[in-house]
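Here's the letter readout for the chains.
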Amino acid sequence: MPSPTGTLLWWGIRLSFLAGCIALVLRYQQQLPILDSPLSEADLPGSKDEATYCYDGVFTNTSPSGDLSYDEIKCFSVSSPDSEKGVVFTKLYSSPPPSRDVIHRKGYVLPGLWDGHGHLLQYGEFLHSADLFGCTSRACILDRLAEYLERNPEAGTPRNWLRGVGWDQNVLGEMPTASILEGDERLRGRYIMLDRVDVHCAWVSQGILDLLPGEVEDVPGGEIVREPGMGVFCDNAMDLVVKLWERPGKERKKEFVRSAMRELTRVGIVGMHDAGVVPKDLRMFEEMAGEDEGWKVRVYAMVECEERNTFCPGEAPWIKTGDGMLVVRSVKLFADGALGSWGSALIDPYTDRPSTSGSLLINTSALTAVANAWALQGYQVNIHAIGDLANRHAISSMVSALSALCPDSVESLADCQSRHRFRIEHSQIISPSDQSLMHKHGILPSIQPTHATSDSSYAELRLGPERIASSAYRMKSLLDLNPILGSDFPVEPPSPFEGIYAAVTRRSPKTGKGPEGWDQGWHTEEALTLGEAVRGFTVGVANGGFMEGKVGIIQEGAWADWVVLDRELGSYGVEQLRTMEVVETWVGGRMAHGESHEERKVL
Ligand SMILES: *[C@@H]1O[C@H](CO)[C@@H](O)[C@H](O)[C@H]1NC(C)=O
């Protein structure tokens, strides 16, 4: 006999289930997108403490050889042996265990996928701003902004600038100016700030230019584009306009985070490395991770001081929630800017602009000093470096910090590095001798495979064929370093399957083509196998965030995060990867994306 409270609870569950069904049917009839599943698995009977799931197959990712076979495992139990420590896999089975209530579900399980380098708040903000990606003409940009204004008529005022992202002068065929925006009567007089595709430049409207003092002086480490007219500010010069912008308030930012997490779980992401969060936002993250409301994705966030490339340990919280939903123990530094805007620092001049070799955002002695300071404070040091000069400086500052951390130990710097795991974010253009140094010391490359395919056309122009062939966009050459793969969202779409496609084919997941519309990929000698690419988005990211054995893998004691596809991963044709649909995403034993059985019945 169930106890009276048990019966009440059961009816409570049934009633809330019924209400959920009705809400779902109503939403369905209104044709509204179903963003949150109204019933989470945690509400179902029997799953509060422990639940056992069976699927058609499970890829555990535990084979050291990295092969993609779906081993014998079909079922697993998840529970929270210690309520402070989150929900973990507790047992794996090759067939349904007879003694337990088993929830049978369709599909093939992968460990939850991670993005090793993204920007959570910026992605959320992107989801709430004008999307300019893919625009190849001025008219396209103006139309998208006008459409955005129609949907958000309150945007574009001095207190609420219209924000957008995704323009690229290389694709537009012209350098943007304020007067282009002013010339459109739908946009005239509005306050508009639009980020370049790589978020290393801002294009602003006349209203914002008018807020600047008459003569705008050049800024070291930045570029103010003056020809064919004013309007674009790059790298350090962006601060001139960004500091005038009234940033979104906390509630709005929380909305950004929730929207971003919802979208990330839709593409199979259970966790991400946030490549630079200022202390104030870290505290907001901490608040949200504790609330359990909308914080659906694990975040390993790197501290970025309010003033870039400085030392601010007093303001930077060191966080490790027991359930692994938020971890902060690393810092993000920046050696240079982006290649598209000639901002990356090169050893030799740009091929298509021999008068410049780009610029460092910080000189080598200052970079070494700040890297050492953070390292000695116990932080993992992660340095953004695109150009080969920036990578050289990043490596040398890391070697210096390792020597400081492990001064006269008998161990090699590589052993020291395996404990401190310094990483180079992007690792895009690295001279052969510096690649050797990375191998020697085990410095971790953090790589975005879709950057290679998106940049291929202009990278050839910027760097010339020799540097491309020896130094640029390495993946296979760095494979022994257990690379951390990611997307850099919102710079690229967050789907790890697009990243896997780009890594495997070195073709654009947007078009399925190589550079110049070729059928073959770009420098395919650097392509990875499917298994290697999957490792980059699972165990590579795990290692880069000190979470090996806990994430990117399905085994006893790992956090109960998984993703479900219709079929075994290896059975898809390679072209299907770039449009992969994820059926379910589970984080910490809870369904974050997907439909529960009961909802399917209703529909
Ligand atoms: C490097 O930068 C720091 C801080 O901006 C400055 O104080 C120092 O003089 C610079 N060193 C060199 C060698 O340029």
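Residues numbered from 1 in each chain as written. Predicted model: local features only at pLDDT ≥ 70, side-chain atom pairs only at ≥ 80, totals over all residues. Heavy atoms only, no water.

Novice: Tell me about the packing of helix α11 (residues 388–405) against helix α13 (residues 432–441), and please be specific about residues and values.
Specialist: Interaxial distance between α11 and α13 falls to 10 Å at its minimum, and their mutual angle equals 30°. It follows that α11 is roughly parallel to α13 by the angle criterion. Where α11 crosses over α13, the handedness of that crossing is left-handed. Of α13, the residues touching α11 (which contributes D388, R392, I395 and V399) are S433, D434, L437, M438 and H441. Along the lines of polarity and charge, the residues of the contact of α11 with α13 split into four nonpolar, two polar and three charged. (Axes fitted to C-alpha atoms, helices over the stretch in contact; angles between N-to-C directions. Helix = DSSP H or I, 4+ residues; strand = E, 2+ residues; numbered from the N terminus. Parallel < 35°, antiparallel > 145°, perpendicular 65-115°, else oblique. Left-handed = near helix turned anticlockwise from the far one by under 90°. Contact = heavy atoms within 4.5 Å. Nonpolar A, V, L, I, M, F, W, Y, C, P; charged D, E, K, R; others polar.)

Novice: Lay out the state of the cysteines in plain terms, naming residues and giving numbers.
Specialist: For the structure shown, the criterion picks out five disulfides. Each sulfur of the disulfide joining C201 and C234 lies 2.1 Å from the other. Taking the sign of the S-S torsion, 100° for the link of C201 and C234, the bridge is right-handed. Taken as a pair, C201 in strand β11 (residues 201–204) and C234 in strand β13 (residues 232–235) lie far apart in primary sequence, 33 residues in all. Each member of the pair, C201 together with C234, is buried. For C305, the disulfide goes to C312, at an S-S distance of 2.2 Å. Its S-S torsion of about -95° marks the bond between C305 and C312 as left-handed, since a negative value means left-handed. (Disulfide = S-S within 2.5 Å. Buried < 20%, exposed > 50% of the residue type's maximum accessible area, 1.4 Å probe, protein only.)

Novice: Run through helix α2 (residues 120–127), naming residues and quoting values.
Specialist: Burial runs high along α2: six of the eight residues are buried. Those residues of α2 lying buried are L120, L121, Y123, G124, E125 and F126.

Novice: An account of the packing of α11 against helix α12 (residues 413–420) is needed here, citing residue identities and associated values.
Specialist: Between α11 and α12, whose axes approach to 10 Å, the crossing angle comes to 95°. With respect to α12, the axis of α11 lies roughly perpendicular. For the pair formed by α11 and α12, the contact residues are V399, L402, S403 and L405 on the first element and L413, C416, Q417 and H420 on the second. For the contact of α11 with α12, the residue count by class is five nonpolar, three polar and no charged.

Novice: Lay out the environment of C416 in plain terms, naming residues and giving numbers.
Specialist: Secondary-structure assignment places C416 in helix α12. A relative accessible area of 0% places C416 in the buried class. Along the backbone, C416 and M547 are 131 residues apart, and their C-alpha atoms lie at a distance of 18 Å. When residues no more than four places from it in sequence are discounted, the contact partners of C416 are L402, L405, C406 and E411.

Novice: Could you give an account of the side chain of T52, with specific residues and numbers?
Specialist: As for its placement among the helices and strands, T52 is situated in strand β1 (residues 50–54). Assessed through its relative accessible area of 2%, T52 is described here as buried.

Novice: How would you explain the sheet that holds strand β10 (residues 192–196) if you had to name every residue and give the values?
Specialist: Strands sit in the order β8-β9-β10-β11-β13-β12 across an open sheet of six strands; the sheet is mixed. Two strands lie at the open edges of the sheet, namely β8 (130–131) and β12 (222–225), each paired on one side alone. In this fold helix α3 (residues 138–151) packs onto β8, β9 (162–167), β10 and β11, with an angle of close to 150° to the strand it touches most, β9. (Pairing = 2+ DSSP bridges.)

Novice: Which residues make up the nonpolar core, and what are the values?
Specialist: Counting residues in each nonpolar core, the largest one holds 99 residues, and the members touching the most others are L120, F285, W295, W374 and L569. For this core, the leading source of residues is α11, giving seven residues. If near-sequence neighbours (up to four positions away) are discounted, W295 is found in contact with L120, V257, M261, F285, M288, A289, M325 and L326. Among the nonpolar cores identified, the runner-up in size contains 23 residues, and A130, C135, C140 and Y148 belong to it. (Core = buried A, V, L, I, M, F, W, Y, C linked by side-chain atoms within 4.5 Å.)

Novice: Outline the confidence of the model for the protein chain, supporting the account with residue identities and numerical values.
Specialist: Mean pLDDT over the protein chain works out to 90, with 90% of the residues at or above the 70 mark. pLDDT under 50 marks residues 1–47. Its contacts with residues more than four places away, or in other chains, come to 40 contacts. Here residues 598–603 is a poorly scored stretch, pLDDT under 50, and it has 14 contacts once near neighbours within four places are set aside; other chains count. (pLDDT = per-residue confidence, 0-100.)

Novice: How would you explain the environment of A275 if you had to name every residue and give the values?
Specialist: Here A275 is to be found in strand β14 (residues 269–277). For the pair A275 and C201, spaced 74 residues apart in sequence, the C-alpha to C-alpha distance is 18 Å. The contacts of A275, once residues within four sequence positions are left out, are H117, G118, H119, M302, E304 and K332.

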